[in-house]
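One letter stands for each residue in the lines below.
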Amino acid sequence: MGPGGEQVGIVRVENALRLAEEAGLDLVEVAPDAKPPVARLMDYGKYRYEAAQKARDARRNQANTQLKEIRFRLKIDDHDFAVKKGHVERFLGQGDKVKVMIMFRGREQSRPEAGVRLLQRLAEEVSELGTVESMPRQDGRNMTMVLAPTRRKADAVNEQRKRREAERAARRGKQAERSSRDQARGAGSAGQQKD
């Protein structure tokens, strides 16, 4: 194959090496198991650099989803519920899964339906950020439910990175504006002292 990806045909190795040398490129075997083996004229250094760039971008966009855990009590106050719901929303917004656990004490164990209602209420209130991955289920003194985010972790990380860069640019702009204002003041006061 030629440097532009065009088919050259079956060529002897000596002729292929001469063509590569004339073009200032490398002869790289891309499919050694094919009959006959396929080789391509290319700049091998550039090819390795581009492959490394692609691999780096793939690693950057690959983000590991974590399982965060939030614990509730059955008799939770409205404000406490709102605070914990805020934590769940933040975790889901960051692209992480959330395991919500209700801990029962004493006689509360005889009323698992109250725990199910509380978990369903939470699921409804955060429905735009996440969906129920595993329905509420009781195991011993605890009832658990897992919420999965609606958007991927990589998207959330990229959005967070862009937001931070925009904030930094805005801060730099304000600092530059402030320093130019200070310089103008300094020049103005120096001119007044000469008079």
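Thresholds, definitions, all that
Residues numbered from 1 in each chain as written. Predicted model: local features only at pLDDT ≥ 70, side-chain atom pairs only at ≥ 80, totals over all residues. Heavy atoms only, no water. Pairing = 2+ DSSP bridges. Helix = DSSP H or I, 4+ residues; strand = E, 2+ residues; numbered from the N terminus. Right-handed = clockwise from strand over helix to strand, strands pointing away. Salt bridge = Lys/Arg side-chain N within 4 Å of Asp/Glu carboxyl O.

*Asks:* In this structure, what is going on with the pairing of strand S4 (residues 97-103)? I would like to understand it.
*Replies:* In this structure, strand S3 (residues 67-73) lies alongside S4, joined through seven bridges in parallel fashion. Across the sheet, arginine 73 pairs through a bridge with methionine 103, a residue of S4. The handedness of the S3 to S4 crossover, carried by helix H3 (residues 78-93), is right-handed. Alignment of S4 against strand S6 (residues 142-149), held across six bridges, turns out to be antiparallel. When the sheet's bridge partners are listed, methionine 103 is paired in S6 with asparagine 142.

*Asks:* Explain the pattern of salt bridges here, please?
*Replies:* Oppositely charged side chains are able to pair whenever their charged atoms sit close together. Under the counting rule described, the total for this entry stands at five salt bridges. Taken together, the shared-partner salt bridges connect Lys85, Arg121 and Glu125 into one network.

*Asks:* Please clarify how the pairing of strand S5 (residues 130-139) should be interpreted in this entry.
*Replies:* Remember that side chains alternate between the two faces of the sheet whenever the strand is regular. Both S5 and S6 contribute to a ladder of seven bridges, which runs antiparallel. The residue bridging glutamine 138 from the neighbouring strand is methionine 143, located in S6. Linking S5 back to S6 in an antiparallel pair, the connection comprises two residues, with glycine 140 at a positive phi of about 70°.

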